[in-house]
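Each chain is listed here by its residues.
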Amino acid sequence: MTIYIIVFLASCLCFYAKDRTRGFLAAFLTLIGITIPCLLAAVRDKTIGTDVTGYGMFVYRDTKNVSLLEAFNIRSDNPRGFVALAWLINLANGSFEVYLFIIELLIILPAYFSISYFLKKNTWMGMLFFYFLFYAISLNIMKQMIAVSLSAFALCLALEKHYKSWLLCSVIAFLMHQTGIVSFLIYPMYLLFSKTSAYSLVRRFFIYLASFACVVFIFAFSDSFLAALSGVKDSYSYMVTNKGKGGLLITPLIYLGFISLLHFMDSKISGIVYNSRQSYSKENSFIEYLCVLGLMLAELQIITLGIGRFGYYFEFFISIFITYRLKEKNILLRIMAILFSVTIIIFQIKFVLDGNCEVYPYTSSILGIK
């Protein structure tokens, strides 16, 4: 785990320095900060990341020395966008290490720009939480993590009213992974959310209630939902096979507890903290909502293995939410945010050490790490 933490800190140190410089030096530091974790991903052994020895190797191998249409036919069980990416890398005679590097680059680069859009000079802090939350996962579910990062970036484009770019980015996310269709929904959700007053508790309550009802609906009609998913893609049939083998996840519940407590402390009703440093802007309030929604969706894991991954598209924003809270002026809110931060780091380290995603211990024949 040490090598991961060193890479996270080195990357974030570059981002920290970048936010305090300008011009060529700022661009250079950004390049180095993004390159470091991509290189770690590129030189890892093929056994690091469960899916690398699955579709990762097969897609790369089967897109060599064939036309793009042949590649689509051979790997028809994989999203067209991901197959096209592997085909382009092979067309340029890229090695498997280059292939892994570019995959990680397509995860980290959109994530960096998305987090930078919201956090500005605190980007380094948001990226640190992103690494702890998603880096290990990105070494495994590569296709979906590209879609997750692109979906977050698509939201930023939409908020800047670059609607054509938003549409294109969302289409690419969908082409990378079927669940990327969520990208088309996030901005419309923001428009719905922004129509409510930031302090209208009743209106916001009904939005949360509707979201909770949707999750309950999926639980209630889980058989039909799983049947529909397995019909979309053959590989989703494992969800049907493993129905009932999932279980309640403690980590999302604890994270939800922290977010709820922070919200309660920051509300006018509680009387604990009347005004925090952060104004409750529409964007900040929406980010909190996305975090809650993502953590609720994570509990779909109760139904079957793997289905909770839909929550990743929304859990991405936890890194932004917690950074906002760490910058609070009020000491009580800041202490609670620090406790939340420490909890995230501890839980995510445990997640890796427990063998999830098969990324620990890190090995690399190229680096001589065994």
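Structure's up top.
Summarised in this report is the structure supplied together with it. (Residues numbered from 1 in each chain as written. Predicted model: local features only at pLDDT ≥ 70, side-chain atom pairs only at ≥ 80, totals over all residues. Heavy atoms only, no water.)

Considering helix α10 (residues 183–194)
Between its terminal C-alpha atoms α10 stretches 18 Å, which fits the 16 Å expected from twelve residues at 1.5 Å a residue. Turning to α10, its buried residues are S183, I186, Y187, M189, Y190, F193 and S194. All buried residues of α10 lie within an arc of 155° about the axis, which places them on one face of the element. (Helix = DSSP H or I, 4+ residues; strand = E, 2+ residues; numbered from the N terminus. Expected span 1.5 Å × (residues − 1). Buried < 20%, exposed > 50% of the residue type's maximum accessible area, 1.4 Å probe, protein only. Arc of directions from axis to C-beta.)

Regarding a nonpolar patch on the surface
Together, L167, V171, F174, L175 and I181 make up an exposed nonpolar region whose accessible area comes to about 390 Å². Of note, L175 is situated in helix α9 (residues 163–176). (Patch = residues over 30% accessible without salt bridge, like charges linked within 9 Å, V, L, I, M, F, W, Y side chains within 5 Å. Areas by Shrake-Rupley, 256 points an atom, 1.4 Å probe, with all protein chains shown as cover. Salt bridge = Lys/Arg side-chain N within 4 Å of Asp/Glu carboxyl O.)

Here we look at unusual backbone geometry
Residues Y360 and P361 are joined by a peptide bond in cis, for which omega reads 0°. Even without glycine at this site, N93 takes up a positive phi of about 60°. Here N93 is to be found in the loop between α5 (80–91) and α6 (96–119). Classification of N93 by relative accessible area gives exposed; the value is 71%. Despite not being glycine, K161 has its phi angle at roughly 65°, a positive value. Among the structural elements, K161 can be located in the loop between α8 (142–159) and α9. Using a relative accessible area of 58% as the deciding quantity, one classes K161 as exposed.

Some thoughts on the side chain of T30
Among the secondary structure elements, T30 is positioned in helix α2 (residues 23–42). Looking at T30, its side chain comes within polar contact range of the main-chain oxygen of A26, at 2.9 Å. Not counting residues within four places of it along the chain, the set of residues in contact with T30 comprises F15, K18 and Y112. (Polar contact = N/O pair within 3.5 Å; in protein donor to acceptor, adjacent residues only side chain to side chain. Contact = heavy atoms within 4.5 Å.)

Looking at the packing of α8 against α10
Across the interface, α8 lies against α10 with an axial gap of 9 Å and an inter-helix angle of 40°. Taken together, the axis directions place α8 and α10 in an arrangement best described as oblique. In this structure, the crossing between α8 and α10 has a hand that is right-handed. Along its contact with α8, which presents S151, A154, L155, A158 and L159, the element α10 presents S183, I186, Y187 and Y190. Of the residues contributing to the contact of α8 with α10, the split by class is seven nonpolar, two polar and no charged. (Axes fitted to C-alpha atoms, helices over the stretch in contact; angles between N-to-C directions. Parallel < 35°, antiparallel > 145°, perpendicular 65-115°, else oblique. Left-handed = near helix turned anticlockwise from the far one by under 90°. Nonpolar A, V, L, I, M, F, W, Y, C, P; charged D, E, K, R; others polar.)

Focus on the pattern of salt bridges
Summed over all chains, the structure comprises seven salt bridges. Between R75 and D77 there is a salt bridge; the shortest N-O distance is 3.1 Å. R75 gets classed as buried once you look at its relative accessible area, which sits at 12%. Using a relative accessible area of 40% as the deciding quantity, one classes D77 as partly exposed.

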